[in-house]
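# Summary of the model geometry
Now for the letters of each chain:
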Amino acid sequence: MIYLPIGMKSETVTTQRGRPRAFNPDTALDRAMHVFWAKGYEGASLSDLTRAMRINRPSLYATFGNKEQLFGKVLDRYMDGPVAYFGKALAASKARDVVEEIFLGTARMADDPRIPAGCLMVQGALACGDAAGSVRKEIGARRAAAKAALRRRLQRAKREGDLPSNADPAELSHYVMTVLHGMAVQSADGASPDQLRRVAQIALRAWPKR
């Protein structure tokens, strides 16, 4: 669900010379994102994608590359859009506020009727078999990047005295991401935003006090 585009960007889509496109690449990417989000990587067929994107296969390949390359661009869009709250939360002044904003951002996603339930990256990884090993690695790398960004923010908090001296930023970042992934799975299973907010409140009770 939850995860920053730190050094993990795919190559930018470039405009080819010649005949202008009859579709908007950004709109097409949004539609592809919803398909992957709802069905996972392997569950989303090329027919599903082209139908949703309202383009044919030659246009998909010419603009976005193959299915795996398209998925990489969709992940970029996902992290710059629906889960951009994660990066913004890292700028909060206190460590507890950082974590609270991350949890509540996840709950807010479940309240948005415009997007599928759950987390694109969690569901994408769960639906990846052995044949999509490179996609699984890509998702894992992005999740690891998000976890590392949170760990660095908590390390700063500890240096600033915002966390007790016995707090372990690595363990805390692992705890937060584990709760976050669980919330994403619960959301995909139909948990309401209020239920997810209650999970967040309970999880925050375990936050170390100075």
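Please refer to the structure placed before this passage.
Described in the following lines is the structure provided in the data block. (Residues numbered from 1 in each chain as written. Predicted model: local features only at pLDDT ≥ 70, side-chain atom pairs only at ≥ 80, totals over all residues. Heavy atoms only, no water.)

So, on to the overall build of the protein chain. Looking only at helices and strands, the protein chain features 10 helices and zero strands. Taken from N to C terminus, the helices and strands of the protein chain fall in the order α-α-α-α-α-α-α-α-α-α. Taking all 210 residues of the protein chain together, 46% fall into the buried category. Of all intrachain contacts in the protein chain linking residues separated by at least 6 positions in sequence, the fraction that spans at least 24 positions is 74%. Accessible surface for the protein chain amounts to roughly 10800 Å². Of this, 49% is attributable to carbon and sulfur atoms. (Helix = DSSP H or I, 4+ residues; strand = E, 2+ residues; numbered from the N terminus. Buried < 20%, exposed > 50% of the residue type's maximum accessible area, 1.4 Å probe, protein only. Contact = heavy atoms within 4.5 Å. Areas by Shrake-Rupley, 256 points an atom, 1.4 Å probe, with all protein chains shown as cover.)

Another aspect to go through is the packing of helix α6 (residues 95-109) against helix α10 (residues 193-204). Where α6 contacts α10, the axes come no closer than 8 Å and their chain directions differ by 160 degrees. The orientation of α6 relative to α10 falls into the category roughly antiparallel. α10 is crossed by α6, and the crossing has right-handed handedness. Residues Arg 96, Val 99, Glu 100, Phe 103, Leu 104, Thr 106 and Ala 107 of α6 touch α10, and the partners they reach there are Pro 193, Leu 196, Arg 197, Ala 200, Ala 203 and Leu 204. By residue class, the composition of the contact of α6 with α10 is nine nonpolar, one polar and three charged. (Axes fitted to C-alpha atoms, helices over the stretch in contact; angles between N-to-C directions. Parallel < 35°, antiparallel > 145°, perpendicular 65-115°, else oblique. Left-handed = near helix turned anticlockwise from the far one by under 90°. Nonpolar A, V, L, I, M, F, W, Y, C, P; charged D, E, K, R; others polar.)

To continue, consider the packing of aromatic side chains. For the structure shown, the criterion picks out four aromatic pairs. Consider the rings of Trp 37 and Tyr 78, whose centres lie 5.0 Å apart with planes at 85 degrees: the pair is edge-to-face. Within this pair, whereas Trp 37 is found in helix α1 (residues 25-43), its partner Tyr 78 is found in helix α4 (residues 67-80), the two being separated by 41 residues in sequence. Classification of Trp 37 as buried rests on a relative accessible area of 0%. Looking at Tyr 78, the relative accessible area reads 0%, which means it is buried. Aromatic ring contacts, followed pair by pair, group Phe 36, Tyr 41 and Phe 71 into a single cluster. When the ring centre of Tyr 41 is taken as origin, the NZ or CZ atom of Lys 67, which lies over that ring, is 4.6 Å away. (Phe/Tyr/Trp six-rings, centres within 6.5 Å; stacked < 30°, edge-to-face > 60°. Lys NZ or Arg CZ within 6 Å of the ring centre and 35° of its normal.)

With that out of the way, let us pick up the packing of α4 against helix α8 (residues 133-159). Viewed as axis vectors pointing N to C, α4 and α8 meet at an angle of 20 degrees, and their least axial separation amounts to 11 Å. Taken together, α4 and α8 sit at an angle that is classed as roughly parallel. Crossing of α4 against α8: the hand is right-handed. Between α4 and α8, the contacting residues are Glu 68, Phe 71, Gly 72, Leu 75, Asp 76 and Met 79 on the first element and Ser 134, Val 135, Glu 138, Ile 139 and Arg 142 on the second. Taken together, the residues of the contact of α4 with α8 sort by class into five nonpolar, two polar and four charged.

Look at α4: 20 Å from first C-alpha to last across 14 residues, which is about the 20 Å you get at 1.5 Å a residue. Most of α4 is tucked away: 10 of the 14 residues are buried. Listed as buried for α4 are Lys 67, Leu 70, Phe 71, Gly 72, Lys 73, Val 74, Leu 75, Asp 76, Tyr 78 and Met 79. For α4, the N-terminal capping position is held by Asn 66, with its side-chain oxygen 3.2 Å away from the main-chain nitrogen of Glu 68. (Expected span 1.5 Å × (residues − 1). Polar contact = N/O pair within 3.5 Å; in protein donor to acceptor, adjacent residues only side chain to side chain.)

Quick look at helix α9 (residues 169-188) now. With 20 residues, α9 ought to run about 28 Å at 1.5 Å a step, and its terminal C-alpha atoms sit 29 Å apart, in line with that. Measuring from the side-chain oxygen of the N-cap residue of α9 to the backbone nitrogen of Ala 170 gives 2.9 Å; that N-cap residue is Asp 168.

Across residues other than glycine, the phi torsion is negative in most instances, and most of the peptide bonds are trans. Although it is not a glycine, Arg 54 adopts a positive phi angle of roughly 60 degrees. Here Arg 54 shows up in the loop between α2 (46-53) and α3 (57-64). The exposure class of Arg 54 is exposed, given its relative accessible area of 63%.

Counted under the stated rule, the structure contains 11 salt bridges. Between Arg 51 and Asp 48 there is a salt bridge, and its shortest N-O distance comes to 3.4 Å. Here Arg 51 and its partner Asp 48 are both found in helix α2, three residues apart, which amounts to about one turn of the helix. Judged by relative accessible area, which is 57%, Arg 51 ranks as exposed. One salt bridge connects Glu 100 with Arg 96, and the closest N-O pair in it is separated by 3.7 Å. Placement of the pair is Glu 100 and Arg 96 together in helix α6, with a separation of four residues, close to one helical turn. (Salt bridge = Lys/Arg side-chain N within 4 Å of Asp/Glu carboxyl O.)

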